[in-house]
Amino acid sequence: MIQIHTKQTGKKYWRSLDQLSQTAGFKDWLHREFPANASEMLDGSSRRTLLKLMAASLGLAGLTACRRPVEKVLPNVRGVEDYIPGKPFFYSTAMTLGGAATGLLVEVNDGRPTKIEGNPEHPFSLGAANGYQQASVLGLYDPDRARSPRKDGQEVDWKAFDEFAKEQFSAAKLGQGDGLRFLSDRIGSPSLLAVKTNALAKYPKAKWVEYNALSHDESGAGAQLAFGQPVITRIKFDKPDVIVSLDDDFLGLDTPTVLPMKEFSRRRRVSSAKDEMNRLYVIESQYSVTGAMADHRLRMRSSEIRGFVADLAAELKVGGNELKVVGGNRGEKRAKWIAALAKDLNEHKGKSLVVAGPRQPAAVHAMVHLLNDALGNVGQAVTYWESSTDQFHPQLEALKGLAGEMSRGQVSTLVILGANPAYTAPADLDFAANLKKVAASVYLGLDVDETAAACKWSLPEAHYLESWGDAAAPDGTATVQQPLIQPLYFGRTAAELVAQLTGYKDQRAYDIVRNYWIARFGGNAAADKTWRKSLHDGVIAGTAQSEFKPTIDAKKVNAAIQPQTGASDGMEIVFVQSASVYDGRFANNGWMQEAPDPMTKLTWDNAALVSPATAKKLGLVQGDVIAMDRRGRGIQAPVLIQPGQADNSISIALGYGRTQCGRVGKNVGVNAYPVRTTDAFTFATDASIRKVAGAYPLAQTQDHHTMEGRPLVREASMEEFRKEPKFAQEMVEHPPLVGLYPDIDYSKGYQWGMAIDLNSCIGCNACMVACQSENNIPIVGKDQVIKGREMHWIRMDRYYNGSEEDPQVVSQPVTCMQCETAPCENVCPVAATTHSPEGLNDMAYNRCVGTRYCSNNCPYKVRRFNFLAWNYGTEEVQKMHYNPNVTVRMRGVMEKCTYCVQRIQGKKILAKTEGRRPIRDGEIQTACQQTCPADAIVFGNINDAESRVSKLKQQTRNYSMLEELNTKPRTTYLAKLRNPNEELETHHG
């Protein structure tokens, strides 16, 4: 055996508390992944037996190993104009989530939407898409979607409902709308707003309530408090040099669009030691994606941030003498932070930013507006748009009022559009019980969910990819939402249903949307041309709102920020959005369920996150079950010990524990809504916690494919980088490397490579879900994940360094390295994995017999073995999401990243048909690169000295992972940098 003696410098990283403590469980896992003395496990006789069995396997391989199910293929006997078999079409549309729209481009193959991309022309997308948007195409083909109308739980046809609607919604029955109520998600559709306006004009005594379980009500209320009028705030994250985030995961869960990620990452790109980088401070309770990117992070209970921001304002002397210090003496560390933040913000007036998250109360948001105004940030990083009162209603109060009316029997007819309030409404409203008191309840939704089960009528809703509509971005920029496929289950849109029930002038979704915009465009001959251009571009020009500068009421803000009486110092529960299932609407989406949480690496579950110190205080270990009780309501949840979590603060993700759901998401995880009430909508400070009997297995991926302490992540401070620009390349010292095989000349033709900037990557999982969608990667379920058998071709590693209570975090996406001297190729007995002339490590799936030698010989642990037949028995509608350009693998083969070779070949064919060479730089984008909201991934031809990837590889931060093994990987990394404040700098690792 050849041994390479290396010397490693830099920080020490750990993946989990088990690894840090070297627990028995971790050692057992490590032993199973890397068996010690593996070469000695076979004696002579057993080795011969193994070779005999292997030979038999090779002999049988041609007979049975690669057999596929027999399928009959029917030819297309009728031609379609402009249709070229095998050539995809791309259409612009939009997806709305939380009332905010993102412009998308959808790839359509043979009439089937198969892949989501961001629309480069849309101002809140700029070509990127997040995980929810990527996975939405799988939701389109969900076989558990609502397929037909139901009355009292029994399937009927649309004719039966139409007859009911004609009678129930007649003028004679409803009069002026007494007892008529509508309930919907936050409306982001201009044409639906027009239908709503018409409905309320026809029935003036009716009411329309909008409610989202993950609302930004407190942000809107804070603006109302500060300015005395509804205001929309626009943050430009690429402007400030210093950012202070108060419980705001603006790079992760607290942003409805990908734009903050795009903007923030621009200020983290460093090409030389002369460049400048922004500085990010994060104060939060739960370790978030934004906290992981922070240069300084202070863990603090969510309920204490109100006092912290008041102390900061007092230190900055914002608001004069009216503001009292409410934090008092809270410790030396807190005082040091307040002083350092105030000084840094003062030194960067006009180039700084303070933001607050949606869980913080209105007073905190109001104070943030006052701070930004006093620091001169308004007009720079912060701008405002006027908002009509129709665009901002306190959702929670409106829902509370509706529930009260239902309880008193004042609601005779209720129409629910798309929301699932029987599941997501605050527990104290008893919404499902009160719904039974409504004589006529109609629900329109994608799924047969909890609200559908509670309503008299439930109707199938059309998916956004199969329906006409429109949607507005946060700044008002509108997009036409066009269908990519006929409705699979004859669903209707919310606009169509309300138009039918209220007698709107247009009844079809297309007419509703088109006629609304034709009128907006002037209704003349040029309007149709504008409509068609808007449809093509995915952006309706001239719809963005105008900026203005409102006047702030400092006295009112100062009065509001004062501490609340009866504030508790006990245990708090913080209710957070799930990175996987949002508020529960993606519960039946397997891609999202299996995507590991960016921080906890938990799949197929939620858990009560506690700090190591809190766990020790309560006598808890990982997987223990605790009961959380509030005012007679309680839930039980498994414990996950999370480094960096605030002490005496428990975070739990919403959206799990569904009882009425499809087969994928039903009874997965714990429903946290039963302890969420109207007076504790974002966090509760009056909970009691106790340990109960039992243990719960959690499927985490953080210890899978461990690298045994090898230096994969490399980072330094900006100051260290300026002193030693080549630090990343000098962290590992080794003797001159000598190859075992002859070098191959890769200096000619296309040679593909990738560079990943760890300073931009936020670890958000968008690349992982995009790869799954592009490459037909199966889901395997919780039990298989526990065994380490997840199939993702991109592994998003998360590393800690520092103490278990207060570590720093670095994220690193790891794909197949496409090694020039690939260890996997030499050990494959059937040459299933080979090297291409363009430097790709190719896979011939039909040749693979599943020996797994290649995986054992891969030092990067990026190959996945397909243990089970995940694609057998797949329903026909589910097959429609498959990318036809990628093989659907059967059981028993190895699979891995291919640099999206199908995209490479597609662009080469296009260039050839257009008679041009070479392929333009940036013309080929891998799926992970194209969707990355942080633009951290760059792919291209490394033989082109002017290509972006070549220039990145020339930077001094560029390094090869495990370069001492001489595998010559084509994927390289740009080292992580941080920009710490010397006054707060602490040692990690």
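An account of the accompanying structure is given in this report. (Residues numbered from 1 in each chain as written. Predicted model: local features only at pLDDT ≥ 70, side-chain atom pairs only at ≥ 80, totals over all residues. Heavy atoms only, no water.)

### A look at the sheet that holds strand β32 (residues 752–757)
Within a sheet, adjacent strands bond to each other through the backbone by hydrogen bonds, running parallel or antiparallel.
Part 1 of the reasoning: Strands sit in the order β39-β32-β41-β40 across an open sheet of 4 strands; the sheet is mixed. The open sheet is flanked by β39 (937–941) and β40 (958–959), the only strands paired with a single partner.
Part 2 of the reasoning: One ladder, built from 5 bridges, connects β32 with β39; its direction is antiparallel. What sits directly across from I756, in β39, is I937. (Pairing = 2+ DSSP bridges. Helix = DSSP H or I, 4+ residues; strand = E, 2+ residues; numbered from the N terminus.)

### Observations regarding the nonpolar core
Part 1 of the reasoning: Ranked by size, the top nonpolar core spans 148 residues in total, and within it L183, L402, L414, F431 and M628 carry the most contacts.
Part 2 of the reasoning: Leave out the neighbours within four places in its chain, and L414 touches R181, L183, L402, M406, F431, L435, V438, A440, S441 and V442.
Part 3 of the reasoning: Formed by 59 residues, the second largest nonpolar core is a distinct cluster that contains A226, I283, V364 and V382. (Core = buried A, V, L, I, M, F, W, Y, C linked by side-chain atoms within 4.5 Å. Buried < 20%, exposed > 50% of the residue type's maximum accessible area, 1.4 Å probe, protein only. Contact = heavy atoms within 4.5 Å.)

### Some remarks on unusual backbone geometry
Part 1 of the reasoning: Cis rather than trans, the peptide bond between R917 and P918 has omega equal to 0°.
Part 2 of the reasoning: Backbone geometry places K601, a non-glycine residue, at a positive phi of 60°.
Part 3 of the reasoning: With respect to the element layout, K601 can be found in the loop between α22 (590–594) and β22 (602–603).

### Focus: the environment of R508
Part 1 of the reasoning: By the element assignment, R508 lies in the loop between α18 (494–502) and α19 (509–520).
Part 2 of the reasoning: The spacing of R508 and L497 is 11 residues in sequence and 9.3 Å in space, taken between C-alpha atoms.

### Overview of α18
Part 1 of the reasoning: The element α18 is largely enclosed, with a buried count of 8 among its 9 residues.
Part 2 of the reasoning: When we look at burial in α18, the residues that qualify are A494, A495, E496, L497, V498, A499, L501 and T502.
Part 3 of the reasoning: Immediately beyond the C-terminal end of α18, within one or two residues, lies G503, with a positive phi of roughly 70°.

### Quick notes on the packing of helix α13 (residues 362–374) against helix α21 (residues 554–561)
Part 1 of the reasoning: For the pair α13 and α21, interaxial distance at closest approach is 9 Å and the crossing angle is 140°. Between α13 and α21, the crossing angle belongs to the class labelled oblique. As α13 packs across α21, the resulting crossing turns out to be left-handed. Contact residues: α13 offers A363, V364, A366, M367 and L370, while α21 offers A554, V557, N558, A560 and I561.
Part 2 of the reasoning: When the residues that make up the contact of α13 with α21 are grouped by side-chain class, the tally is 9 nonpolar, 1 polar and no charged. (Axes fitted to C-alpha atoms, helices over the stretch in contact; angles between N-to-C directions. Parallel < 35°, antiparallel > 145°, perpendicular 65-115°, else oblique. Left-handed = near helix turned anticlockwise from the far one by under 90°. Nonpolar A, V, L, I, M, F, W, Y, C, P; charged D, E, K, R; others polar.)

### Focus on the side chain of T677
Part 1 of the reasoning: With respect to the helices and strands, T677 occurs in the loop between β26 (649–653) and β27 (683–684).
Part 2 of the reasoning: A distance of 3.1 Å separates polar atoms of two side chains, one belonging to T677 and the other to R630.
Part 3 of the reasoning: Apart from the residues within four sequence positions on either side, T677 is in contact with P426, A427, D428, R630 and R633. (Polar contact = N/O pair within 3.5 Å; in protein donor to acceptor, adjacent residues only side chain to side chain.)

### Some words on helix α5 (residues 158–168)
Part 1 of the reasoning: The set of residues buried in α5 consists of W158, F161, F164, A165 and Q168. For α5, the buried positions fall inside an angular range of 125° around the axis, keeping them on one side. Turned more than 90 degrees away from the buried face of α5, the exposed residues are K159, E163, K166 and E167.
Part 2 of the reasoning: Buried residues along α5 sit against α6 (171–174), β15 (413–417), β16 (440–445), β17 (457–460) and α18. (Arc of directions from axis to C-beta.)

### Section: the pattern of salt bridges
Part 1 of the reasoning: Counted under the stated rule, the structure contains 61 salt bridges.
Part 2 of the reasoning: Residue R266 is joined to D238 by a salt bridge in which the shortest nitrogen-to-oxygen separation is 2.9 Å. You can see R266 sitting in helix α9 (residues 259–266) and its partner D238 sitting in the loop between β9 (231–235) and β10 (242–246), a full 28 residues away along the chain.
Part 3 of the reasoning: Between D583 and R585 there is a salt bridge, with its nearest N and O atoms 2.9 Å apart.
Part 4 of the reasoning: Where salt bridges share partners, they join K115, E117, E774 and R903 into one cluster. (Salt bridge = Lys/Arg side-chain N within 4 Å of Asp/Glu carboxyl O.)

### Focus: the sheet that holds strand β20 (residues 547–548)
Part 1 of the reasoning: Here 3 strands make up an open sheet; going across it, the order is β9-β14-β20 and the pairing antiparallel. Strands at the two margins of the open sheet, each flanked by one partner only, are β9 and β20.
Part 2 of the reasoning: Pairing of strand β14 (residues 382–386) with β20 involves 2 bridges; the strand directions are antiparallel. Considered in β20, the bridge of Y384 is made with F548.

### Considering the packing of helix α7 (residues 190–202) against α18
Part 1 of the reasoning: For the pair α7 and α18, the least separation of the axes is 10 Å and the interaxial angle reads 20°. Between α7 and α18, the crossing angle belongs to the class labelled roughly parallel. Our pair here, α7 against α18, has a crossing hand that is left-handed. Contacts between α7 and α18 involve L192, V195, N198, A199 and K202 from the first element and A494, A495, V498, A499 and T502 from the second.
Part 2 of the reasoning: A breakdown of the residues in the contact of α7 with α18 according to their chemical character gives 7 nonpolar, 2 polar and 1 charged.

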